[in-house]
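Okay, here's what each chain looks like letter by letter:
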Amino acid sequence: MPRKKISIIGGGQVGGVLTQLIAQKQLGDVVLFDIVEDMPQGKCLDIAEASRVDGFDIKVTGTNDYKDVDGSDLVIITAGLPRKPGMSRDDLLTTNAQIMKTVAENVKKHAPNSIVIVISNPLDAMVTLFKNVSGFKTNKVMGQAGVLDSSRFATFIAWELGVSVKDVNAMVLGGHGDTMVPLVRYTNVFGMPVMELLERKYKDKAKAEEVMKAMVERTKMAGGEVVKLLKTGSAFYSPASSSIAMAQSILFDEKRVFPVCAYLDGEYGVKGYFVGVPAVLGANGVEKVLELSLSDEEKALLDNSVNAVKSLVEDMKRLGL
Ligand code: APR
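The residue numbering used here restarts from 1 in each chain and proceeds along that chain's sequence as written. In view of the model being predicted, local features appear only for residues whose pLDDT reaches at least 70, and side-chain atom pairs are presented and counted only at 80 or more, with totals across whole chains, interfaces and linings using the full set of residues. By convention in this description, side-chain values take in all heavy atoms of the structure and omit both hydrogens and water.

Engineer: Explain the site of the ligand to me, please; I cannot follow it from the model alone.
Structural biologist: Residues in close proximity to the ligand total 22 residues, the closest being Q13, V14, D34, T78 and N121. As used in this structure description, the phrase polar contact means that two N or O atoms lie within 3.5 Å; if the pair is within protein, one of them must be able to donate a hydrogen and the other to accept it, and residues adjacent in sequence are counted only when both atoms belong to side chains. Interatomic distance of 3.0 Å between a side-chain N/O atom of N121 and an oxygen atom of the ligand. Bound to the protein, the ligand loses 86% of the 730 Å² it would expose on its own. Each helix corresponds to a stretch of at least 4 residues labelled H or I by DSSP, and each strand to a stretch of at least 2 residues labelled E; elements are numbered beginning at the N terminus. Listed by contribution, the elements that provide at least two residues to the shell around the ligand are α1 (13-25) and α4 (93-110). Here the residues of the shell around the ligand are counted per class, giving eleven nonpolar, ten polar and one charged. Neighbouring residues are identified by heavy atoms, a residue being near a molecule or strand if any of them is within 4 Å of it. Here, Shrake-Rupley sampling with a 1.4 Å probe gives the accessible areas, and only protein chains in the shown set may cover a residue. When residues are grouped by polarity, Ala, Val, Leu, Ile, Met, Phe, Trp, Tyr, Cys and Pro land in nonpolar, Asp, Glu, Lys and Arg in charged, and all others, Gly among them, in polar.

Engineer: Just checking my understanding: could you explain the packing of α1 against helix α10 (residues 237-251) for this structure?
Structural biologist: The angle between the axes and the distance between the axes are what describe a pair of packed helices. Simply put, an axis is a line fit to the C-alpha atoms, just over the touching stretch for a helix, and the angle between two N-to-C directions goes from 0 to 180 degrees. Relative to each other, α1 and α10 sit at 45°, their axes nearing to 9 Å. The orientation of α1 with respect to α10, classified from their angle, is oblique. Considering how the two elements wind past one another, α1 and α10 form a crossing that is right-handed. Across the interface between the two elements, V14, V17, L18, L21, I22 and K25 from α1 touch Y237, A240, S241, S243, I244 and Q248 from α10. Angle categories: roughly parallel below 35 degrees, roughly antiparallel above 145, roughly perpendicular from 65 to 115, and oblique for all the rest. Helix crossings fall into two classes, left-handed where the near helix is turned counterclockwise from the far one by less than a right angle and right-handed where it is turned clockwise. Throughout, a residue-residue contact means that at least one pair of heavy atoms, one from each residue, lies within 4.5 Å.

Engineer: Would you explain the sheet that holds strand β10 (residues 188-189) in this entry?
Structural biologist: Hydrogen bonding along the main chain pairs the strands of a sheet, whether they run parallel or antiparallel. Read from one edge to the other, the open sheet built from three strands follows the order β7-β10-β11, with strand pairing classed as antiparallel. Two strands bound the open sheet, and with one partner strand each, they are β7 (168-169) and β11 (192-193). Following DSSP output, two strands are said to pair if at least two bridges run between them.

Engineer: Before we go on, may I ask you to explain helix α8 (residues 205-220) in this structure?
Structural biologist: Within an α-helix, residues lying three or four positions from one another point in the same direction, as the helix has 3.6 residues per turn. With 16 residues, α8 extends 23 Å between its outermost C-alpha atoms, agreeing within 8% with the 22 Å of an ideal straight helix rising 1.5 Å per residue. Packing partners of the buried residues in α8 comprise α6 (146-161), β8 (172-173), β9 (181-182), α7 (194-202) and α9 (222-230). Put simply, D204 is the residue that caps the front of α8, since its side-chain oxygen is 3.1 Å from the backbone nitrogen of A206. Here a helix's expected span is defined as the number of its residues, less one, multiplied by 1.5 Å.

Engineer: Got a minute to help me understand the domain arrangement of the protein in this structure?
Structural biologist: In many analyses, interface size is given as the accessible surface area lost on bringing the parts together. The source of the domain bounds is an automatic or database domain assignment. Splitting the protein by domain gives domain 1 (5-144) and domain 2 (145-321). If you average the C-alpha positions of domain 1 and of domain 2, the two centres end up 22 Å apart. At the junction of the two partners, domain 1 supplies 41 residues and domain 2 supplies 46 residues. Buried area is calculated as the accessible area (1.4 Å probe) missing from two parts once they are joined, with the contributions of both summed. Both sides together, the interface formed by domain 1 and domain 2 hides about 3,700 Å², and carbon and sulfur atoms give 74% of it. Looking at the side of domain 1 facing domain 2, the largest losses of area belong to R89, D124 and Q144, adding up to 19% of the total buried there. A pairing counts as a salt bridge when a side-chain nitrogen of Lys or Arg comes within 4 Å of a carboxyl oxygen of Asp or Glu. Put simply, domain 1 and domain 2 have zero salt bridges between them. Elements that contribute at least two residues to the side of domain 1 that touches domain 2 include exactly α1, β4 (74-77), α4, β5 (115-118), α5 (123-134) and β6 (141-143). Sort the elements by how many residues they give to the side of domain 1 that touches domain 2 and α5 lands first, with eight residues. Of the residues belonging to the side of domain 1 that touches domain 2, the class tally is 24 nonpolar, nine polar and eight charged.

Engineer: Where do I start with unusual backbone geometry in this structure?
Structural biologist: Excluding glycine, a negative phi dihedral is what most residues carry, and trans is how most peptide bonds are arranged. N121 connects to P122 through a cis peptide bond whose omega is 0°. For P122, the position within the fold is in the loop between β5 and α5. Unlike most non-glycine residues, F190 shows phi in positive territory, near 45°. Here F190 shows up in the loop between β10 and β11. Exposure remark for F190: the relative accessible area of 68% places this residue in the exposed category. Non-glycine residue D253 carries a positive phi angle of around 50°. Following the sequence through the fold, D253 ends up in the loop between α10 and β12 (256-265). We call a residue buried when its accessible area falls under 20% of the maximum for its residue type, exposed when it is over 50%, and partly exposed in between, using a 1.4 Å probe and counting protein chains only.

In structure tokens, the structure reads:
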């Protein structure tokens, strides 16, 4: 079987870590594209020179020429500004939308058969814009948000309960913004409902609820917490790792179930928008959206998050994009 070709558009912090992870995991040959001259070439040379010690034999190409992206099987887009302290993801809309438009036109031209994972923020709007400009089929375009949001939620739960994070299954739905919906009822530790474990720990229902509420809020604001500490940019290790899990499921047709920003065609009562929902990822991209049954309260929270996504998309239309 020929090696897969994976192109990364945007060779900044997220793009650099993505390239290194793809090489180390030997998922395929990598092309790292950026508009900054020499920088992607420098990063790729640096990564390639670690191949002997890391034991990978993968072609890693840095470029400023979209021609090198030709024929990619998978494209991961990280181009765009990251947040600075005090900014919301939505504040990035105007600048990143202009960048995404150019990127989408070029991906359409050079990798028309690829599957695309978008990481650039504000995520839900950038995925929509990519789809609109490229005209790609909806199953071939998705955004990375839920894998990271649920991994953050799982991390906080593991710390709180003193269990391995590997045994925590956490679920987060909705847009990749402050309205995201961590779903406590669908979150468990090796099948055991998380609230039962918290209530047993505290022997007090109200206290358990208070602790969970704090973890839910921390999850919603987790990206901002990192931005505040870094001061010069936003999270890059965990977004890159989360996208690699998605990429792997697509490249190896693993059919893993992940919360991803996927196109909804009536599922969850939403039509025509990209929203974070659990989906099966395989060789055909988003192969199936899985519908959870939601309580009235959970549905109201999801609707609120969908409305935030819709208003971002409206803002983009007002900008003529
Ligand atoms: N085409 C390609 N790359 C571009 C373009 C463009 N038109 N415009 C900017 N870039 C590149 C920049 O040169 C930079 O190297 O995108 C890269 C972005 O890298 P960083 O500034 O380091 O940002 P990073 O932390 O990687 O985040 C990238 O991912 O998580 C999101 O919110 C985050 O939108 C941001 C994106």
